[in-house]
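The residues making up each chain are set out below.
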Amino acid sequence: MSKVIAIANQKGGVGKTTTTINLAASVAAQHLKVLLIDLDPQGNATMGSGVDKNTLVHSANEVLLHDCLAEQACLTTSCGYDLIPSNGDLTVAEVSLMAREQRETFLLKALQSIKNRYDYIFIDCAPALNTLTINALVASDAVLIPMQCEYYALEGLAALLSTIEQIKSSVNPRLKIEGILRTMYDARNRLCSDVSKQLLDHLGNKIYRTVIPRNVRLAEAPSHGLPVMQYDRTSPGAAAYMVLASEFLKNQITTTPSTITS
């Protein structure tokens, strides 16, 4: 049975799209069927998957508005996973949905025809708690939260957890916290270490043991339209995401995520 996971954080620049691409590629490398949905109008996950966002025939915009079937927008990539791409047209969907009833359920309904073709569906969310992100959370079984170890990120985490609780109590009772991933980690930075300790002290059972380091190869890979494991498999960033995929898949077997309470 397919599992849908939103990768979300309303704070930008935390490695959200990097995590979506590289986790999807690393899970797909384990001979599993994976779909990545780019639900960010910036289209960074699309470009980072080697697809030109400026030449799309169908995109997440049409899928979300039910103007085409999800399978019509699916593209096969060289990254090992399928992709529903996006570009700036997705802002049209965001505006259009504001005037529609049950606007938070449009993605959920759009995925019904395709969901069971995949083992895992990863949704790259926009860096905002907007209509697009709400649609992703309503359509998902779980949320994976990448975050930098800095104090402002902690404030943003509290807001996101509050939103998740509201969605869980109102429209999606199955929504769980998959895990919190520490990204762009620099062990030499005392602030990183201090915030990491706070996270482990308060939310330890939901913090991935895997830590994603700051790594030049991770930053370079998207400009080549490749996951880092294809761009430079020997890099620390590639190794970290492959370990994360192993931890992620192990958790699917051994644990049932529960909602975080502060």
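Let me sum up the structure you'll find in this document. (Residues numbered from 1 in each chain as written. Predicted model: local features only at pLDDT ≥ 70, side-chain atom pairs only at ≥ 80, totals over all residues. Heavy atoms only, no water.)

1. Topic: the side chain of D124
Moving on, step 1. The residue D124 is located in strand β5 (residues 120-125) in this model.
Moving on, step 2. Owing to a relative accessible area of 0%, D124 belongs among the buried residues under this scheme.
Moving on, step 3. Within the structure, D124 has its side chain in polar contact with the side chain of K16 (distance 3.2 Å).
Moving on, step 4. Polar contacts involving the side chain of D124 include one to the side chain of T17, which spans 2.9 Å.
Moving on, step 5. Here D124 is in contact with I7, K16, T17, T20, I37, D38, L39, D40 and A45, once residues within four sequence places are set aside. (Helix = DSSP H or I, 4+ residues; strand = E, 2+ residues; numbered from the N terminus. Buried < 20%, exposed > 50% of the residue type's maximum accessible area, 1.4 Å probe, protein only. Polar contact = N/O pair within 3.5 Å; in protein donor to acceptor, adjacent residues only side chain to side chain. Contact = heavy atoms within 4.5 Å.)

2. Topic: the pairing of strand β6 (residues 142-148)
Moving on, step 1. With respect to burial, β6 is a largely interior element, seven of its seven residues being buried.
Moving on, step 2. Covered by surrounding structure in β6 are A142, L144, P146 and Q148 together with V143, I145 and M147, the residues of both alternating faces.
Moving on, step 3. When strand β1 (residues 3-7) meets β6, the two strands line up parallel, connected through three bridges. Among the inter-strand pairings, I5 is bridged to a residue of β6, identified as A142.
Moving on, step 4. In this sheet, strand β7 (residues 176-185) lies alongside β6 in parallel orientation, the contact comprising seven bridges. Across the sheet, residue M147 finds its bridge partner in β7, namely R182. (Pairing = 2+ DSSP bridges.)

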